[in-house]
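Structural overview for review
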Amino acid sequence: MQRPRLRIVQSDCVLANFEENLARHVRHIENAIEGGLDAIAFPELSLTGYNVQDAAQDIAMHIDDPALDPLRELSKKISIICGGIELSDEYGVYNSAFFFEDGHAQSAHRKIYLPTYGMFEELRYFSAGQEIETVTSRRLGRIGIAICEDFWHVSVPYLLAHQGAKLLFVLMSSPLRLSPGAGEPVIVQQWQTIMNTYAFLFSSYVASVNRTGNEDSFTFWGKSSVTGPDGMSVGSAAMFREEHLDVTIDYQNVKQARLHSSHFLDEDLRLFASELNDVMVWRPQG
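Every value quoted in this text rests on a predicted model; they were computed, and no experiment measured them. (Residues numbered from 1 in each chain as written. Predicted model: local features only at pLDDT ≥ 70, side-chain atom pairs only at ≥ 80, totals over all residues. Heavy atoms only, no water.)

Below, the discussion takes up the overall build of the chain. Secondary structure assignment for the chain yields seven helices and 14 strands. Over its C-alpha trace the chain gives a radius of gyration of 18 Å, about what one expects of a compact globule, namely 19 Å for 286 residues. Counting only C-alpha atoms and orienting by the principal axes, one finds that the chain spans roughly 50 × 45 × 45 Å. Looking at the chain as a whole, 50% of its 286 residues are labelled buried. Taking as baseline every contact in the chain between residues at least 6 positions apart, the subset at least 24 positions apart corresponds to 69%. Carbon and sulfur atoms form 51% of the exposed surface of the chain, whose accessible area is close to 13,400 Å². Placing the 23 positive and 37 negative side-chain charges of the chain at their respective mean positions leaves the two points 6 Å apart. (Helix = DSSP H or I, 4+ residues; strand = E, 2+ residues; numbered from the N terminus. Rg over C-alpha atoms; globule rule 2.2 N^0.38 Å. Buried < 20%, exposed > 50% of the residue type's maximum accessible area, 1.4 Å probe, protein only. Contact = heavy atoms within 4.5 Å. Areas by Shrake-Rupley, 256 points an atom, 1.4 Å probe, with all protein chains shown as cover. Lys, Arg positive; Asp, Glu negative; His and termini not counted. Charge placed at Lys NZ, Arg CZ, Asp CG, Glu CD.)

Set out below in structure tokens:
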């Protein structure tokens with residue numbers, strides 16, 4: 001049974017500067033290769049920065065763009081997950097997760113739920129993804145990748161888990177939101193609750209990869225983490241500081257969690273699908 005070593009890079013990036021961000025990725029990846037890691041993951045939009053606004057169309061690139069060749073080449077030695085702005089074959093612009101392995105690149109996920117409320121305005125600049133699919137990795141096994149707000153909608157991790165993903169990634173650029181009271185900010189507590197809950201309910205590993213740094217009025221808080229299939233923390237990074245977190249993903253723990261409690265395996269998907277159809281008839285979209 002696989003026991004891949006995963007590095008989460010809790011990094012800052014330079015807004016709308018692909019070349020500098022790519023160079024930072026390459027340095028982190030080369031360091032991870034030297035350390036014998038099997039896979040490395042970066043935050044949401046790690047190649048471009050978050051608050052790109054109208055520049056999104058100018059810096060969007062197709063997954064086959066030669067500018068990504070350095071990552072393709074490095075992926076012969078380590079599997080790579082990172083965030084970028086994707087230009088589709090139809091010229092749609094997406095907030096995407098890219099996956100590189102064995103010299104090949106693929107668009108692993110296009111963000112589905114684009115927040116356009118409060119401080120957020122993603123729907124002005126990006127098209128919404130329309131698919132939820134797992135990725136089969138030689139080094140990591142079957143994985144699922146979501147992007148930030150997608151994890152606030154249980155349907156995304158639910159479907160990824162039931163498609164066979166035993167390791168769920170959520171790439172994030174989550175900014176701090178001021179809240180009254182002392183202690184850990186509410187948004188940090190909410191995210192950790194989400195991670196722990198999904199890990200336990202789906203008897204799977206959950207890895208959150210959040211960025212740090214500042215962009216305009218955005219302050220990103222970091223505290224990336226990995227939660228085990230029992231819902232308990234495997235490890236977490238600090239708040240507000242660039243650093244990396246190394247963990248071993250032991251799929252034997254998924255096996256033990258599911259043997260101990262079969263609540264995930266007992267999920268009645270046919271019943272769920274039938275009832276969901278009834279709900280959609282009763283409450284149509286729009």
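Quick look at the pattern of salt bridges now. By the definition in use, this model includes 16 salt bridges. The salt bridge partner of R72 is D69, with a shortest N-O separation of 2.9 Å. Of this pair, R72 and D69 are both found in helix α3 (residues 69-74), three residues apart, which corresponds to roughly one turn of the helix. For R72, a relative accessible area of 12% corresponds to the buried category. Salt-bridge contacts for R124 lead to E121; the nearest nitrogen and oxygen are separated by 3.1 Å. Classification of E121 by relative accessible area gives partly exposed; the value is 23%. Here the residues in one salt-bridge network are D12, R211 and E215, joined through shared partners. (Salt bridge = Lys/Arg side-chain N within 4 Å of Asp/Glu carboxyl O.)

As a further point, take the pairing of strand β7 (residues 141-147). The buried fraction of β7 is high, at six of seven residues. With three bridges connecting them, strand β6 (residues 135-137) and β7 associate as antiparallel partners. From the neighbouring strand, V135 faces β7, where its bridge partner is I143. Taken together, β6 and the strand that follows it, β7, pair antiparallel across an intervening segment of three residues. Taken together, the five bridges between β7 and strand β8 (residues 167-172) define a ladder with parallel strand orientation. In the sheet register, I147 faces β8, and the bridge partner there is L171. Following the backbone out of β7, through helix α4 (residues 155-162) and into the adjacent parallel β8, one traces a crossover that is right-handed. (Pairing = 2+ DSSP bridges. Right-handed = clockwise from strand over helix to strand, strands pointing away.)

Within the secondary structure, S224 is located in the loop between β11 (218-221) and β12 (225-227). Under the relative-accessibility criterion, S224 is labelled buried at 0%.

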